Amino acid sequence: MRIYTRTGDKGQTGVIGGRVDKDDVRVDAYGTVDELNSFVGQAVCRLEEGGDRFADLKADLIQIQHELFDCGSDLALLRPELRPYKVAAEMVDRLEAWIDKYDAETPDITRFVLPGGSAAAAALHVCRTVCRRAERRVVTLAKQADINEEVRRYLNRLSDLFFTVARTANFRAGVPDVEYDRSPEAFRRKSRS
């Protein structure tokens, strides 16, 4: 199989159910999800440098990479009647469970934190910000076309997970979060049961 097809040489690309311009908002949305997936792969590599203490984080992120492909596939679906959507509410529920699990592991924060601390945490913060951009692209697409609403919910929750996992990576590495020194107290303390 050849990698190049020459079918996009005139500025169009194939989506599920037809062809659109390469700068179409749909392509921008799933392209940003693809970009996010690349950064998640980079974050996994950073976590591998930390050994077994990050094994659960790596496994979760690899599962997320597969699910980001599902998100891209759903966003590339030009006509929803062609096949069922792949991203489902249960996937969002699982992200929320992971957020709660990892958040319980980290110390309370009261101020905004800057991206950084450890190399792994910094990579995860890049994932968080690219995820937010992907979510914005999906919001724009949803104003123009029918989409799987679970993709938007998934990306919203996923950015929260990246924030939480970045803090977890710092905590496990023994590296403090970098607090924004001009931040007022912005967060409530966690209730520990």
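Residues numbered from 1 in each chain as written. Predicted model: local features only at pLDDT ≥ 70, side-chain atom pairs only at ≥ 80, totals over all residues. Heavy atoms only, no water.

Visitor: So what exactly am I meant to see when it comes to the packing of helix 2 (residues 55-75) against helix 5 (residues 149-173) here?
Guide: Each packed pair of helices is defined by two parameters, the angle between the axes and the distance between the axes. It is at 12 Å that the axes of helix 2 and helix 5 come closest, and there the two elements cross at 160°. By the criterion of interaxial angle, the relationship of helix 2 to helix 5 is roughly antiparallel. Seen along the crossing, helix 2 lies across helix 5 with a hand that is left-handed. Contacts between helix 2 and helix 5 pair Asp 56, Leu 57, Leu 61, Ile 64, Glu 67, Leu 68, Cys 71, Asp 74 and Leu 75 from the former with Val 151, Tyr 154, Leu 155, Leu 158, Leu 161, Phe 162, Val 165, Thr 168 and Arg 172 from the latter. Grouping the amino acids of the contact of helix 2 with helix 5 by side-chain chemistry returns 13 nonpolar, 1 polar and 4 charged. (Axes fitted to C-alpha atoms, helices over the stretch in contact; angles between N-to-C directions. Helix = DSSP H or I, 4+ residues; strand = E, 2+ residues; numbered from the N terminus. Parallel < 35°, antiparallel > 145°, perpendicular 65-115°, else oblique. Left-handed = near helix turned anticlockwise from the far one by under 90°. Contact = heavy atoms within 4.5 Å. Nonpolar A, V, L, I, M, F, W, Y, C, P; charged D, E, K, R; others polar.)

Visitor: Can you help me understand the pattern of salt bridges in this one?
Guide: Overall, the coordinates contain 16 salt bridges when judged by the stated rule. The closest approach of N and O atoms between Glu 135 and Arg 132, which form a salt bridge, is 3.2 Å. Of this pair, Glu 135 and Arg 132 both sit in helix 4 (residues 119-142), 3 residues apart, which is roughly one turn of the helix. For Glu 135, a relative accessible area of 13% translates into the label buried. The class for Arg 132 is partly exposed, based on a relative accessible area of 30%. If you follow the salt bridges from partner to partner, you end up with Asp 56, Glu 105 and Arg 172 in one network. (Salt bridge = Lys/Arg side-chain N within 4 Å of Asp/Glu carboxyl O. Buried < 20%, exposed > 50% of the residue type's maximum accessible area, 1.4 Å probe, protein only.)

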